[in-house]
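Chain residues, written in single-letter form:
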Amino acid sequence: MHLNRVKNKKISLDDLRVNFSEIEPALTQKEAMDEANRCLYCYDAPCIKACPTDINIPSFIKKIASGNLKGSAKVIMEANPVGASCARVCPTEELCEGACVLNDASLPIMIGNLQRHATNWAIQNNQQLFKAGDAKGKSVAIIGGGPAGLSAARELARIGYEVTIYEAKEKAGGLDTYGIVSFRLPQEVSLWEVEQVENLGVTIHTNTMVGRDVKVEEILTNYDAVILAIGMSKVPMLGIEGEEAEGVYDAIDFVENTKTPPLDHQFIGKKIVIIGAGNTAIDAATCSVRLGAGDVKMVYRRTEAEMTAYEFEYEFAKQDGVEFRWLTQPTKIVTDEHGKVKALECVRMELGEPDESGRRRPVEVPDSEFTMEVDAVIKAIGQSRYVSLIEELGLDHNRGIVKINQETHETSNPKVYAAGDVIFGDGQGDAMVVTAAQQGKLTAHAIHQKFISADHMAVENA
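Described in the following lines is the structure provided in the data block. Quick caveat, the model's predicted, so the values are computed rather than measured.

Within a sheet, adjacent strands bond to each other through the backbone by hydrogen bonds, running parallel or antiparallel. The parallel open sheet is built from 5 strands, whose spatial order is β3-β2-β1-β4-β16. Both edges of this open sheet fall to β3 (203-205) and β16 (416-418), since each of them pairs with a single strand only. Going from strand to strand, the sheet's axes swing by 20 degrees on average, the running direction of each strand aside. Pairing analysis gives 4 bridges linking strand β1 (residues 139-143) to strand β4 (residues 225-228), with the strands arranged parallel. Residue pairing across strands places I142 opposite I227, the latter belonging to β4.

Right, here's the structure in full:
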């Protein structure tokens, strides 16, 4: 991809749009065929075991090799209702490709790119891959239309349940639609997955926040089961002076604004600092580069070894020219006479004893203060939780992490289930799109089994 730089070049909005084009080129038909024919189609395939949604990877690859792209897409989407998105955002080198037996001989099969090839065909040919099941006469409400909510809705609708999703944003898709940078995951891919669910008869109420636009009691009363799949909220406060200033951004909002044109050109040539070192922080940094920023730094109070971003995300940011300042703790955001950001005061840190997470605790180095000139600061230090809604539903939780039965995803209220980032933490799951998709699937089938058991008991007691 051609990435426009500010040096010796005036950047236009058209240049910025090019910068946000998908970075990974799609496989040609011949490239896909050649790669598919490299697969050994292992009987006891380790790649399947490494996939959180259990996609039958040898099967979908063999269908590509035989020219059956619709069949290939169906195998993928059968197991993973957001399989087109996951083809782009899964850490495949840590999951399926990392488990490929060819790692020991040559190079692993490009499973992610082949998955993208098959699902691209389905998108481009407007394929509806599944149909709704015969009506079961029961209804389920899903609060949140992200990967977990969509996956649960897709499974329930295929079984035959009446499903209604309540989504607070203008469009469904959650993180895939709004929170992952366009040059990795174009919005139209996520919206196709939403359309696949809607075409099964699922009702999606957008711009509808439960607890504000619809009463919680109404949801609990009017449906036979409820799934909470609200994800997480905004970036928490830093707790330092100046963070309310003009030019301080929430990384979640910052990335979201690049997904919904027109792109903002105010960052061209500017000095940007991102606070944090997770995947969202990387996204904010690489978005800043693509918005034309002249100098992009990431500051993190621990070291490279403790950063939470995926390795491939880290390498990507370095290739984009992002500078990393390790063992650096911001202490104050300095503003000018107009209340705009002009500098970031920091102190140097060193690692001390491990904290409750097991990572060594950063400790301030005495007399190590320094200042960086900046035009904007982007906060990316994790996400807060929708505690008020969780408590309005009356669910047991730990700091916004909803407690569930690990086998059934049932919460402390037997009518309410939970999946996705709302349960991430305290050893429950991983913060990945593919994990949320699997949790949504499992939750749907747990609800189905509970309804079946209830029907059997009703018959026996009749």
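Once that is clear, we can look at the sheet that holds strand β13 (residues 376-379). The parallel open sheet is built from 5 strands, whose spatial order is β5-β13-β6-β7-β8. Every other strand in the sheet has two partners, leaving β5 (248-250) and β8 (323-325) as the edge strands with one partner each. Neighbour-to-neighbour, the strand axes of the sheet open up by a mean angle of 25 degrees, direction not taken into account. Pairing analysis gives 5 bridges linking strand β6 (residues 271-275) to strand β7 (residues 295-299), with the strands arranged parallel.

According to the stated counting rule, one finds 12 aromatic pairs in the structure shown. Ring centres 5.4 Å apart and planes at 85 degrees place the aromatic pair F254 and F267 in the edge-to-face group. One end of the pair, F254, is in helix α13 (residues 251-259); the other, F267, is in the loop between α13 and β6, and 13 residues separate them in sequence. Summarising the burial analysis for this pair, F254 and F267 share the class buried. Here the aromatic residues Y300, Y314, F324 and W326 are joined through ring pairs into a cluster of three or more. The ring centre of Y41 lies 5.4 Å from the NZ or CZ of K62, which sits over that ring. Of note, K169 hangs over the ring of Y178, and the distance from its end group to the ring centre comes to 5.2 Å.

As a further point, take the pairing of strand β11 (residues 360-364). By the bridge criterion, 4 bridges tie strand β10 (residues 341-354) to β11 in an arrangement that is antiparallel. Bridge pairing links P354 to R360 in β11. Following β10, the chain reverses through 5 residues before pairing antiparallel with β11; G358 in that reversal takes a positive phi of roughly 95 degrees.

At D54, a position not held by glycine, the phi torsion is positive, near 60 degrees. Examined against the element boundaries, D54 turns out to sit in the loop between α3 (46-50) and α4 (57-65). The backbone of L327 sits at a positive phi, close to 50 degrees, despite the residue not being glycine. One can find L327 in the loop between β8 and β9 (328-335).

Of all 5 residues in β6, 4 are buried, a share of seventy percent or more. Once the chain exits β6 it traverses helix α14 (residues 279-290) before rejoining the sheet at β7, and the crossover so formed is right-handed. Direction of pairing for β6 relative to β13: parallel, over a ladder of 4 bridges. The residue of β13 that forms the bridge with I275 is K379.

Moving on to the layout of surface pockets. It is a probe the size of a water molecule, rolled over the atoms, that shows where empty space is left. In this structure, the second largest pocket occupies an estimated 530 Å³ of space. Along its surface, the second largest pocket is lined by 22 residues, and E24, T92, E93, N113 and R184 are the ones closest to its centre. The set of elements that each furnish at least two residues to the lining of the second largest pocket consists of α6 (83-89), α7 (96-99), α8 (111-124) and α15 (311-319). Of the residues forming the lining of the second largest pocket, the biggest block, 4 residues, is contributed by α15. Of the residues contributing to the lining of the second largest pocket, the split by class is 9 nonpolar, 5 polar and 8 charged.

Cut-offs applied
Residues numbered from 1 in each chain as written. Predicted model: local features only at pLDDT ≥ 70, side-chain atom pairs only at ≥ 80, totals over all residues. Heavy atoms only, no water. Pairing = 2+ DSSP bridges. Helix = DSSP H or I, 4+ residues; strand = E, 2+ residues; numbered from the N terminus. Axes fitted to C-alpha atoms, helices over the stretch in contact; angles between N-to-C directions. Phe/Tyr/Trp six-rings, centres within 6.5 Å; stacked < 30°, edge-to-face > 60°. Buried < 20%, exposed > 50% of the residue type's maximum accessible area, 1.4 Å probe, protein only. Lys NZ or Arg CZ within 6 Å of the ring centre and 35° of its normal. Right-handed = clockwise from strand over helix to strand, strands pointing away. 1 Å grid on protein atoms, 1.4 Å probe; cavity = no way out; pocket = protein on both sides within 12 Å on 5 of 7 lines; lining within 4 Å. Points joined across faces, edges and corners; volume = space filled by probe spheres on them. Nonpolar A, V, L, I, M, F, W, Y, C, P; charged D, E, K, R; others polar.

Any functional reading would require information that these geometric values do not contain.
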